[in-house]
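Structural description and commentary
Listed below, chain by chain, are the residues.
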Amino acid sequence: MTIGRPRAFNAATATRRYAWYVVGLLTATQVVSYIDRFLPSLLLESIKSDLALTDFQVGLLMGPAFGLFYVFVGVPIGWLADRYSRRAILATGISIWCAMTATAGLVRSFVPLFLTRMGVGLGEATMAPCSVSLISDYFPRERRAPPLSLFMAGTFLGAGTAFLLGGPLVHHITSLPPVHLPILGDLRSWQLAFLVVGLPGFVLAGLMFTIREPRRQDQAQSEIRADAAGHASLGAAFSFMRKRWTAFGVLFIGSAAVVTMGSLSFWNVALFARTWGWSVRDVGIATGVLFFIGGPIGTLLGIALTRRWVAAGHKDATLRALWIGLAIAVPGFALYPIMPSVELAIVMQLFAFTGQAMAAAAGPASITLIAPGQIKSQATAIYYLCIGIFGQLLGPPPVGFMTDLFGDPNKLRYAMTIEAATIGILALVLVALGLSHYRRCVIEVDALIAPGPVAHV
């Protein structure tokens, strides 16, 4: 698949319907990516038993195995997305992660499974830099929060679908005897699940070519060094961000806390099974319903508050929404694992998912307001690099490590609470202190942006 330079398309001429079609397609792709991302958590106990893994190794599979390539490869992908066809890069990424998900169904030991999860991370690393950049070029700055929030809602719809539909599916598949396939031999039920989930996503790779590349918006008039074609280097992106490290830093800290706490959901199947005796089907249905309820509520609440603050002239509207989301999410994530009953755990988890959805949607919208067009994809990739290091690499493993250290698998709940409370409280304080720095940065970037064609959709 060739990644060539995109033919310019003026988003100002795009219809409202077409612009939202692009958002809808990218959101659907986001849903599929999160189904593939969450699948191992549903198969956790079967994989652990068949491959004789420790809780720490399981934590590595759910965190670093995926996050290693996802966060580090995202930066060069962002560099490519600021220069070449974002739709072609997305199509390539989708093909890679779907192939790696299906390949995970053929492995028979820890190391090959770890490598396939790295491959999924490599493919999914194309999603954020390309999608956020595409969507922001179809909408003017003051109207980006709703479409970007819808795109981020795909993370919760995907996770919800993975748990709601995947839970019963996995429950059914794991009740089946090993399946014998020609050449491949005998496959365990969890291996079959990877094959079934991975292959259909290839359809989306083809649909990426129905997206027209929009002309790049928000081009800075000065300060950012660019070549004759208007492309800025990675060094120029780092230089721009370093000079405004407090504004970017506070956004990264808040979003990293959201991702870190959200990664605790990977332990839900084990938590509910060990603490309250629930089956993977029951956990999948309950968690899926919570994602489907909390995700839209949090997203819509964030959009409503952001619109109100934008109308009132607040330049830090999106970061305010992130802080409010954190304030809702932190108590939920810290308390739901240690609730005295499963009913109360579910109630607290609803608060957790609602706040997480609100905060998660605000992050990408916030980055587009402080990163000029020449470095938008690269800045988005660096943003996901920073939050991914903490969320994906440092999220699940410490919980597994603490549980092993406690010497009792049933103390998983306390490890989850310790991590959520520590990370969440620290982030709330730091984001509150950094709002003024972010606000000044938005005002400064507004002044740097050259007037040009924008999408009026």
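Just so you know, these numbers come straight off a predicted model, no measurement behind them.

Cut-offs applied
- Residues numbered from 1 in each chain as written.
- Predicted model: local features only at pLDDT ≥ 70, side-chain atom pairs only at ≥ 80, totals over all residues.
- Heavy atoms only, no water.
- Helix = DSSP H or I, 4+ residues; strand = E, 2+ residues; numbered from the N terminus.
- Buried < 20%, exposed > 50% of the residue type's maximum accessible area, 1.4 Å probe, protein only.
- Areas by Shrake-Rupley, 256 points an atom, 1.4 Å probe, with all protein chains shown as cover.
- Contact = heavy atoms within 4.5 Å.
- Expected span 1.5 Å × (residues − 1).
- Salt bridge = Lys/Arg side-chain N within 4 Å of Asp/Glu carboxyl O.
- Core = buried A, V, L, I, M, F, W, Y, C linked by side-chain atoms within 4.5 Å.
- pLDDT = per-residue confidence, 0-100.
- Phe/Tyr/Trp six-rings, centres within 6.5 Å; stacked < 30°, edge-to-face > 60°.
- Lys NZ or Arg CZ within 6 Å of the ring centre and 35° of its normal.
- Axes fitted to C-alpha atoms, helices over the stretch in contact; angles between N-to-C directions.
- Left-handed = near helix turned anticlockwise from the far one by under 90°.
- Nonpolar A, V, L, I, M, F, W, Y, C, P; charged D, E, K, R; others polar.
- Patch = residues over 30% accessible without salt bridge, like charges linked within 9 Å, V, L, I, M, F, W, Y side chains within 5 Å.

Our focus in this paragraph is the overall build of the protein. Of regular secondary structure, the protein possesses 21 helices and 2 strands. For the protein, buried positions account for 59% of its 457 residues. Approximately 16900 Å² of the protein is accessible, and the part contributed by carbon and sulfur atoms is 69%.

This paragraph deals with the side chain of Ser-377. Structurally, Ser-377 can be placed in helix 19 (residues 376–393). When near neighbours in sequence (up to four residues on either side) are disregarded, Ser-377 contacts Gly-78, Ala-81, Asp-82, Pro-129 and Ser-133.

Attention shifts here to helix 7 (residues 110–124). Structural remark: α-helix, 3.6 residues per turn; residues separated by three or four positions point the same way. Taking 1.5 Å per residue, 15 residues should reach 21 Å; helix 7 reaches 21 Å between its end C-alpha atoms and fits that length. For helix 7, a buried count of 11 out of 15 residues is recorded, marking the element as mostly surrounded by other parts of the structure.

This structure, assessed with the given rule, holds 7 salt bridges. For Arg-86, the salt bridge goes to Asp-137, with nearest N and O atoms at 2.8 Å. With Arg-86 in helix 6 (residues 86–103) and Asp-137 in helix 8 (residues 127–138), this pair connects stretches of sequence that are 51 residues apart. Judged by relative accessible area, Arg-86 falls into the buried class, the value being 0%. Put simply, Asp-446 and Lys-315 hold a salt bridge, and the shortest N to O gap is 3.0 Å. Here Lys-315 lies in the loop between helix 16 (280–311) and helix 17 (317–335) and Asp-446 lies in helix 21 (residues 412–448), a separation of 131 residues in the sequence. Because the salt bridges share partners, they merge into one network encompassing Arg-86, Asp-137, Glu-213 and Lys-376.

This paragraph deals with the nonpolar core. Grouped together as the largest cluster of nonpolar side chains are 141 residues, with contacts concentrated most on Leu-26, Leu-326 and Phe-333. Examining the composition of this core, we find that 15 residues originate from one element, helix 18 (residues 342–370), more than from any other. Once residues within four sequence positions are removed from consideration, Leu-326 is found in contact with Gly-254, Ala-257, Val-258, Met-261, Pro-331, Gly-355, Ala-359, Ala-427, Leu-428 and Val-431.

Moving on to the confidence of the model for the protein. Here the protein shows a mean pLDDT of 83. Residues at 70 or above account for 89%. Considering each helix and strand of the protein separately, the mean pLDDT is smallest for strand 1 (residues 179–181), with a value of 65, and largest for helix 17, with 95. Contacts of residues 1–6 to residues separated by more than four positions or lying in other chains number 20 contacts, the stretch itself having pLDDT below 50. Under a pLDDT of 50 for its full length, residues 452–457 has, in the predicted model, 21 contacts with residues more than four places off or in other chains.

Right, let's talk about helix 9 (residues 145–164) for a bit. End to end, helix 9 covers 28 Å across 20 residues, agreeing with the expected 28 Å (1.5 Å per residue, within 8%). With respect to burial, helix 9 is a largely interior element, 17 of its 20 residues being buried.

Turning next to the environment of Ala-421. Within the element layout of this structure, Ala-421 appears in helix 21. Classification of Ala-421 by relative accessible area gives partly exposed; the value is 24%. Ala-421 sits 87 residues away from Ala-334 along the chain, and the two C-alpha atoms are 5.2 Å apart.

Overall, the coordinates contain 12 aromatic pairs when judged by the stated rule. Their ring planes at 65 degrees and their centres at 6.2 Å tell us that Phe-248 and Phe-252 sit as a pair that is edge-to-face. Taken together, the residues span about one helical turn, with Phe-248 and Phe-252 both in helix 14 (residues 245–262) at a distance of 4 residues. In this structure Phe-248 comes out as buried when scored by relative accessible area, which is 2%. Relative to Trp-278, the ring of Phe-272 lies with its centre 5.5 Å away and its plane at 45 degrees, an arrangement referred to as tilted. Pairwise contacts between aromatic rings join Phe-248, Phe-252, Tyr-383 and Tyr-384 into one cluster. Its guanidinium or amino end placed over the ring of Phe-240, Arg-244 lies 3.8 Å from that ring's centre, counting from NZ or CZ. It is Arg-320 that lies over the ring of Trp-309; its NZ or CZ is 5.7 Å from the centre.

In a packed pair of helices, the relevant descriptors are the angle between the two axes and the axis-to-axis distance. At a minimum axis separation of 9 Å, helix 16 and helix 17 run at an interaxial angle of 140 degrees. Note that helix 16 runs across helix 17; the crossing there is right-handed. Residues Leu-301, Gly-302, Leu-305, Thr-306, Trp-309 and Val-310 of helix 16 touch helix 17, and the partners they reach there are Ala-317, Thr-318, Arg-320, Ala-321, Ile-324 and Ile-328. When the residues that make up the contact of helix 16 with helix 17 are grouped by side-chain class, the tally is 8 nonpolar, 3 polar and 1 charged.

Attention now moves to a nonpolar patch on the surface. On the surface, Phe-56, Leu-335, Ile-338, Phe-401, Leu-405, Phe-406, Tyr-414 and Ile-418 cluster together into a nonpolar patch covering about 710 Å² of accessible area. Elements supplying a minimum of two residues to the nonpolar patch: helix 20 (396–406) and helix 21. Ranked by residues supplied to the nonpolar patch, first place goes to helix 20 with 3 residues. In this fold, Leu-405 is placed in helix 20. Residue Leu-405 is classed as exposed on the basis of its relative accessible area, which comes to 62%.

Further remarks concern the side chain of Thr-403. Mapped onto the fold, Thr-403 is located in helix 20. In contact with Thr-403, not counting residues within four places along its chain, are Asp-55, Arg-274, Asp-408, Pro-409, Leu-412 and Ala-415.

To continue, consider the environment of Val-250. Its location among the elements puts Val-250 in helix 14. Take Val-250: its relative accessible area is 5%, and that puts it in the buried class. For the pair formed by Val-250 and His-437, sequence separation is 187 residues and the distance between their alpha carbons is 8.3 Å. In contact with Val-250, other than residues within four places in its own chain, are Leu-319, Leu-430, Val-431, Gly-434 and Tyr-438.

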